[in-house]
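Coordinate analysis (summary)
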Amino acid sequence: MARAYASGFGGVVASEEPLASYAGARVLEAGGNAVDASIAVSFTLAVLVPHLGGVGGDFFALIMTPNGSVRALNGSGQSPRRFSLELLADRGLEGVPERGLYPL
């Protein structure tokens, strides 16, 4: 099986599906960054290979900032059906807590 990749003037994107790689490369060409491209690839894979994950699934990422520091993003776990920023505001919070459950 041939390896598939997509490249452009903004970078190179690789994934298990050529159309997903192409979507990510197009995002880079349009001025998006690597995070934007990875989200485009992920959404495209959710359609093309739905049994491997999809919208509403967990998300993990290591992102290097322009100054070289690395940030970890952990988007795992369940969220309540009616969870919203308004719900947090009603409970006196200004944003999503970084750790633990929001106050009931």
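Note: the structure precedes this text.
Being a predicted model, the structure only gives us computed values, none of them experimental.

Further remarks concern the pairing of strand β4 (residues 70–75). With zero of six residues buried, β4 lies mostly on the surface of the structure. Two elements, strand β3 (residues 59–64) and β4, share six bridges in a ladder whose sense is antiparallel. Within β4, the residue paired with Phe60 across the bridge is Asn74. Remark: five residues form the turn of the hairpin made by β3 and β4, two consecutive strands paired antiparallel; Gly68 in that turn has positive phi of roughly 95 degrees.

This brings us to the nonpolar core. Val13, Ala20, Ala25, Leu28, Ala37, Val41, Leu45 and Val49 together form the largest nonpolar core, which totals eight residues. Elements with a contribution of two residues or more to this core: α1 (18–29) and α2 (34–48).

For the rest of this paragraph, the subject is the packing of α1 against α2. When two helices pack together, you describe them by how their axes are tilted relative to each other and by the distance separating the axes. Relative to each other, α1 and α2 sit at 155 degrees, their axes nearing to 8 Å. As the angle between them shows, α1 and α2 are arranged roughly antiparallel. The handedness of the crossing between α1 and α2 is right-handed. Within the contact between the two elements, α1 uses Leu19, Ala20, Ala23, Gly24, Val27 and Leu28 and α2 uses Ala34, Asp36, Ala37, Ala40, Val41, Thr44, Leu45 and Leu48. When grouped by side-chain class, the residues that make up the contact of α1 with α2 number eleven nonpolar, two polar and one charged.

Together, Leu19, Val47 and Leu48 line one region of the surface with nonpolar side chains, adding up to about 300 Å² of accessible area. Along the chain, Leu48 falls in helix α2.

So, on to the pattern of salt bridges. A full pass over the atoms with the stated rule returns one salt bridge. The salt bridge involving Arg26 is made with Glu29; its shortest N-O contact spans 3.9 Å. Placement of the pair is Arg26 and Glu29 together in helix α1, with a separation of three residues, close to one helical turn. Taking relative accessible area as the criterion, Arg26 reaches 44% and is therefore assigned partly exposed. What makes Glu29 partly exposed here is its relative accessible area of 44%.

Below, the discussion takes up α2. The end-to-end C-alpha separation of α2 is 21 Å, in line with the 21 Å expected for 15 residues at 1.5 Å each. In this structure, the buried side of α2 is in contact with β2 (11–13) and α1. Where α2 begins, the side chain of Asn33 points an oxygen toward the backbone nitrogen of Val35, at a separation of 3.0 Å.

What counts, and where the lines are drawn
Counting restarts for each chain: residues are numbered from 1 in the order of the written sequence. Per-residue local features are limited, in this predicted model, to residues with pLDDT of at least 70; the limit for side-chain atom pairs, both in listing and counting, is 80 or more; totals at the level of whole chains, interfaces and linings are taken over all residues. Side-chain metrics rest on all non-hydrogen atoms present in the structure, leaving aside hydrogens and water. Each residue gets one of three labels from its accessible area relative to the maximum for its type: buried under 20%, exposed over 50%, partly exposed in between, using a 1.4 Å probe on protein chains only. Going along the chain from the N terminus, every DSSP run of H or I of four or more residues is numbered as a helix, and every run of E of two or more is numbered as a strand. At least two DSSP bridges between two strands are needed for those strands to be called paired. In these notes, a set of buried Ala, Val, Leu, Ile, Met, Phe, Trp, Tyr and Cys residues joined through side-chain atoms within 4.5 Å is what counts as a nonpolar core. Fitted lines through C-alpha atoms give the axes, limited to the stretch in contact for helices. The angle between two N-to-C directions lies from 0 to 180 degrees. For classification purposes, angles smaller than 35 degrees are called roughly parallel, those larger than 145 roughly antiparallel, those between 65 and 115 roughly perpendicular, and all remaining angles oblique. Two helices crossing with the near one rotated counterclockwise from the far one by less than a right angle form a left-handed crossing, whereas a clockwise rotation gives a right-handed crossing. Residue contacts are counted whenever heavy atoms from the two residues lie within 4.5 Å of one another. In this classification, the charged set is Asp, Glu, Lys and Arg, the nonpolar set is Ala, Val, Leu, Ile, Met, Phe, Trp, Tyr, Cys and Pro, and all remaining amino acids, among them Gly, are polar. Each patch is built from residues that are more than 30% exposed by relative accessible area and take part in no salt bridge. Like charges join if they lie within 9 Å; nonpolar side chains (Val, Leu, Ile, Met, Phe, Trp, Tyr) join within 5 Å. Only the protein chains shown count as cover for residues, and all accessible areas are computed by the Shrake-Rupley method using a 1.4 Å probe. Whenever Lys or Arg places a side-chain nitrogen within 4 Å of a carboxyl oxygen from Asp or Glu, that contact is recorded as a salt bridge. Helices are assigned an expected span. That span is 1.5 Å times one less than the residue count. The term polar contact refers here to a pair of N or O atoms within 3.5 Å; inside protein, the definition further demands a hydrogen-donor-capable atom paired with an acceptor-capable atom, and it admits residues adjacent in sequence only when both atoms are side-chain atoms.

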